Amino acid sequence: MRILQRIIIYLIIPLAIAGLLYLNAEIASEKYGIAQPKAGQYLAEITGKVQTVTAEAGEEITVPVTVRNSGSLPWSSEGDRIIFLSYHIHTESGDDTAAEEGERTPLPQTVSPGGEATVDLEVSAPEKAGKYTLEIDLVYEGVTWFADQGSETLKLPMEITD
């Protein structure tokens, strides 16, 4: 009888507790959207209002774009699932990144699937004059860039002067 009690106390009860904790974490991650992204959740169509971006070295500029939610979840820059518009800046040769991760620009409102918003993307121009590519994307903060989920980015030529 003592062996059975010890088995229950030291083996079965801890396993049951671990199982319940794991199940609770899975339920919470699904409920609050913190699970790993699923196909089709984070997709966007990004269109630019300009064809080329020009700026002086180190200048802070805004680039107007329209984002359309072609995914299955709403986007918001507030709450539990924070989505921002951001960018990468690549050199003309494409083999060097001038800005691995750009500034985050919040969305002006919640964007439901099928909806769209116009956003003035805040961009910090590179410190060195030259020709670059501004690659605009959305980011689910701390989880994934939309491009990593199959979404197309917007790539604009960027010319930086002294």
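Shown above is the structure to which this text applies.
Residues numbered from 1 in each chain as written. Predicted model: local features only at pLDDT ≥ 70, side-chain atom pairs only at ≥ 80, totals over all residues. Heavy atoms only, no water.

Asker: Sorry, what's going on with a negative patch on the surface here?
Answerer: Together, Glu-56, Glu-59, Glu-60, Asp-120, Glu-122 and Asp-162 give the surface a local cluster of negative charge. By secondary structure assignment, the location of Glu-60 is in strand S3 (residues 60-69). (Patch = residues over 30% accessible without salt bridge, like charges linked within 9 Å, V, L, I, M, F, W, Y side chains within 5 Å. Areas by Shrake-Rupley, 256 points an atom, 1.4 Å probe, with all protein chains shown as cover. Salt bridge = Lys/Arg side-chain N within 4 Å of Asp/Glu carboxyl O. Lys, Arg positive; Asp, Glu negative; His and termini not counted. Charge placed at Lys NZ, Arg CZ, Asp CG, Glu CD. Helix = DSSP H or I, 4+ residues; strand = E, 2+ residues; numbered from the N terminus.)

Asker: I would appreciate a short explanation of the packing of aromatic side chains in the present structure.
Answerer: Centre-to-centre distance and the angle between the planes together describe a pair of aromatic rings. Per the counting criterion, the structure on display carries three aromatic pairs. With a centroid separation of 5.5 Å and an interplanar angle of 75 degrees, the aromatic rings of Trp-75 and Phe-146 are classed as edge-to-face. Of this pair, Trp-75 sits in the loop between S3 and strand S4 (83-91) while Phe-146 sits in the loop between strand S9 (144-145) and strand S10 (154-161), and the two are 71 residues apart along the sequence. Phe-146 matches Trp-75 in its accessibility class, with the two residues each being buried. Grouped by ring-pair contacts, the aromatic residues Tyr-42, Trp-75, Tyr-140 and Phe-146 constitute a single cluster. (Phe/Tyr/Trp six-rings, centres within 6.5 Å; stacked < 30°, edge-to-face > 60°. Buried < 20%, exposed > 50% of the residue type's maximum accessible area, 1.4 Å probe, protein only.)

Asker: Could you clarify how one ought to interpret the side chain of Asn-69 in this entry?
Answerer: Note on placement: Asn-69 falls in strand S3. A polar contact of 3.1 Å, which involves the side chain of Asn-69, links it to the backbone oxygen of Val-111. The contacts of Asn-69, once residues within four sequence positions are left out, are Leu-43, Pro-74, Trp-75, Val-111, Ser-112, Pro-113, Gly-114 and Gly-115. (Polar contact = N/O pair within 3.5 Å; in protein donor to acceptor, adjacent residues only side chain to side chain. Contact = heavy atoms within 4.5 Å.)

Asker: Any chance you could explain the sheet that holds strand S7 (residues 116-124) here in plain terms?
Answerer: Working definition: the strands of a sheet are paired by backbone hydrogen bonds and lie parallel or antiparallel to each other. Overall, antiparallel pairing links the three strands, which are arranged S1-S3-S7 in an open sheet. The sheet is open, and its two edges are formed by strand S1 (44-48) and S7, each paired on a single side. Neighbouring strand axes in the sheet, compared pairwise and without regard to direction, differ in orientation by 35 degrees on average. Judged from the five bridges that link them, S1 and S3 form a sheet pairing that is antiparallel. Following the sheet pairing, Thr-47 is matched in S3 by Thr-66. (Pairing = 2+ DSSP bridges. Axes fitted to C-alpha atoms, helices over the stretch in contact; angles between N-to-C directions.)

Geometric values such as these leave the question of function open.
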